Amino acid sequence: MTIPVATEPKAPPMTAMKPSALTAPEGPHGSSGAARPRPVEAVPVRHPGRWIAAVLVLVIGIATLSSILQNPNLDLPTVGEYLFKPLTLSGVVITLWLTAASMVVGVIGGIVVAVMRLSPNPVLSIAAALFIWVFRGTPLLLQLIFWGFIGAFIPKVVVGVPFTSVEFWSFTTSDLIPATVAALLALGLNEMAYAAEIVRAGIQSVDPGQTEAAHSLGMSPLKTLRRIVLPQAMRVIIPPMGNETITMLKSTSLVAIVAGDDLMSNIREAYTQNYKIIPLLIVAAIWYLALTSILSIPQMWLERRYGRGFTGVRPTLGSRVSTFTQSLTLPVRASKKESAS
Amino acid sequence: MTAAAPQAAPPAAGPGPMVEAVEVHKRFGSLEVLQGITMSVERGQVVCLLGPSGSGKSTFLRCINHLEQIDAGVIRVAGETVGYREKDGRLFELREKEVATQRRKVGMVFQRFNLFPHMTALENVMEAPTQVLGRSKAESRDDGIRLLEQVGLGDKAGTYPAQLSGGQQQRVAIARALAMDPQVMLFDEPTSALDPELVGDVLDVMRRLAEGGMTMIVVTHEIGFAREVADVAVFMDGGVVVEQGDPRQVLVEPAEERTRSFLSKVL
């Protein structure tokens, strides 16, 4: 009994092949008569190009890694020494705090700006557009320095009646906005502009029929937004917001320019004293990598939480590995069959 | 002009008609979609709106619960002006919250179902009673399960809309609207988006609802359903009511040529 295989050069013509390959009534394991046809067992397409590329990448990777590890300037003892120093750890805490606080300011403010942007009132909509235009259109570094030196621009903050000399309170700006608040302001306001656009896209991705259905059930506009539109928008909002959080975690390192107590600032302070620049940068890199890796866990959880009711399975790393291993084992099985027949 | 069909016996008798429209006009830009619709629906009546697409039937239906704002005329539901308050001979636009309160007594079923995809069937049905009427979860849950059983979906309470067929989704949507105890139900082409073999289940639910005495206004292309269930058939074309009356007359021996030519194309 021969099994015609599609990849063989001299395959029988289609008409002849069809009944035997796909609906063979009697196989060796004898599913006889009208029973279901034998499962398709064809030799899969081979990919020699992929294998060559994989080997090449492996070789380059191993060479690079070994040259790095053998480099005397790597100074792993210093990396180990600084990895869990109080200076580093306190920097990590500040970085995390700054990231969290800026994201909270950014997301809550972003929702407000997005709703303003979508408002039928032109003043609100244009104000939101202007805000986004300014804060998204200028570099974050510039904004950080600006807020750091805001005291040079506005030395005194006065609460009073506008356009008169009546004053209730006045503060020196540098007292009102210390360095950490300046950093938080810069990061938070910048994030607001990006978050607003993400939230707006999310809200607009929700079918208008949803709003109509909610309205027809007697739900108020605010309740409709909170219960019906935002939860559905979240599905679209969360993946880019996860990216934003990771970007934010790294952007906090820019605070080092203005002086802060975050991870990058502390590391910079250390290497300006001992000149062990590369080992200390590796310490920072290890921490940033660890933190960003941990951040992807809540993102996955949130994506699942707001993906409820929507079908569609994304390939996970595990499933991708298993399809790959299957693709390795299948040809072996098939070729055994071939030689047996 | 009122079109109270003689055979209609309103079970829930109340003062005045359930829905009353007088000279309703609506335009989208330069296009006048409704050019003076006058119509009256008694309590317990089933009215079917028929007509070619673009005739304004759906727009009129959406005006009844203020999803569209009318440009002229007046619509009253249970004696209350929709979307406005009349005071000292002047009209005051209602706030969005007040409009929302008005909509509680009007249930609506959409062509595309518009179920909330992030909620299960039961959660869809429970949403408005808990969020709008402030009912307890337990009470809404019992009500919701009862309603789902009524539409034949008692076993689908925990299922998300994406896993339901179109006909099942539409029946959940009907249950969701009924959960608010509306006084009138609006159906906007409820079976137009369904596979032919699923239409029957939805029409069955609507038929039973009509038998139960619910006031219903149904935009539909199902001539058979209209002939069988409706108390009044209204044929619209070009933003006006061409003819209305007993469905056995309007849909079998129409007086107007336009109705006749439409029916000959649909049947």
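Numbers given for residues are sequential positions, taken from 1 along each chain in its written order. Chains carry letters and ligands carry numbers; both start at the beginning, A for chains and 1 for ligands, and go up in the order they are written. In view of the model being predicted, local features appear only for residues whose pLDDT reaches at least 70, and side-chain atom pairs are presented and counted only at 80 or more, with totals across whole chains, interfaces and linings using the full set of residues. As a rule here, side-chain values cover all heavy atoms of the structure and leave hydrogens and water aside.

Description of unusual backbone geometry
Residue and element names in this part refer to chain B. Look at A78: it is not a glycine, yet its phi comes out positive at around 50°. Strands are runs of DSSP state E lasting at least two residues, helices are runs of H or I lasting at least four, and both sets are numbered from the N terminus onward. Its place among the elements puts A78 in the loop between β4 (72–77) and β5 (80–81). With phi around 50°, D88 is a residue other than glycine that occupies positive phi space. Exposure categories follow from relative accessible area, calculated using a 1.4 Å probe and restricted to protein chains: below 20% of the type maximum is buried, above 50% is exposed, and the middle band is partly exposed. By relative accessible area, D88 is classed as exposed at 74%.

With respect to the interface of chain A and chain B
At the interface, 23 residues of chain A touch 27 residues of chain B. For the pair chain A and chain B, the summed buried surface comes to about 2100 Å²; carbon and sulfur atoms form 59% of the total. On the chain A side of the interface with chain B, the three residues burying the most area are E212, S216 and L217 of chain A, jointly 28% of the side's total. Between Lys or Arg on one side and Asp or Glu on the other, a salt bridge is scored when a side-chain nitrogen of the former is within 4 Å of a carboxyl oxygen of the latter. Counting every contact that joins chain A to chain B gives two salt bridges. Of the charged contacts, one joins E212 of chain A and R62 of chain B as a salt bridge, the two residues approaching to 2.5 Å between their closest N and O atoms. Two N or O atoms count as a polar contact when they lie within 3.5 Å, although within protein this holds only if one can serve as hydrogen donor and the other as acceptor, and sequence-adjacent residues are included solely when both atoms are side-chain atoms. At the boundary of chain A and chain B, one finds six residue pairs in polar contact (both at pLDDT 80 or more). Elements supplying a minimum of two residues to the side of chain A that touches chain B: α10 (208–216) and α11 (221–251) of chain A. Tallied by class, the residues present in the side of chain A that touches chain B amount to eight nonpolar, nine polar and six charged. Two residues qualify as a contact provided that any one of their heavy atoms is within 4.5 Å of a heavy atom in the partner residue. The buried area of a pairing is the accessible area, by a 1.4 Å probe, that goes missing from both parts when the two are put together, added over both. Charged residues are taken to be Asp, Glu, Lys and Arg, nonpolar residues to be Ala, Val, Leu, Ile, Met, Phe, Trp, Tyr, Cys and Pro, and polar residues to be all remaining types, Gly included.

Quick notes on the pattern of salt bridges
Residue and element names in this part refer to chain B. All chains considered together, the criterion is met by 19 salt bridges over all chains. For the salt bridge of R248 with D246, the shortest nitrogen-to-oxygen distance reads 3.6 Å. R260 serves as the salt-bridge partner of E257, at 3.4 Å between the closest nitrogen and oxygen. Of this pair, E257 and R260 both sit in helix α9 (residues 257–266), separated by three residues, roughly a single helical turn. According to the relative accessible area criterion, E257 is exposed, its value standing at 52%. The partly exposed category is assigned to R260, whose relative accessible area is 40%. A network of salt bridges, in which partner residues are shared, links R135, D143, R146 and D181.

What about the environment of R235 of chain A?
Residues and elements named next belong to chain A. Among the secondary structure elements, R235 is positioned in helix α11. For R235 and L58, which are 177 residues apart along the polypeptide, the C-alpha to C-alpha distance reads 37 Å. Setting aside residues no more than four positions away along its own chain, R235 makes contact with Y306, G307 and F310.

Here's the deal with the packing of helix α3 (residues 76–83) of chain A against helix α14 (residues 277–306) of chain A
Each pair of packed helices gets described by two things: the angle between the helix axes and the distance between those axes. All names here are of chain A. Here, axes are lines fitted to C-alpha atoms. For helices the fit covers the stretch in contact, and angles between N-to-C directions go from 0 to 180 degrees. Following both chains from N to C, one finds α3 and α14 inclined at 50°, their axes separated by 8 Å at the closest point. Judged by the inter-axis angle, α3 sits oblique to α14. As for the relative orientation of α3 and α14, their crossing is right-handed in sense. Contacts between α3 and α14 pair T78, V79, Y82 and L83 from the former with P279, L280, I282, V283, I286 and W287 from the latter. Classifying every residue of the contact of α3 with α14 by side-chain character gives nine nonpolar, one polar and no charged. The cut-offs work like this: below 35 degrees is roughly parallel, past 145 is roughly antiparallel, 65 to 115 is roughly perpendicular, and the gaps in between are oblique. Helix crossings fall into two classes, left-handed where the near helix is turned counterclockwise from the far one by less than a right angle and right-handed where it is turned clockwise.

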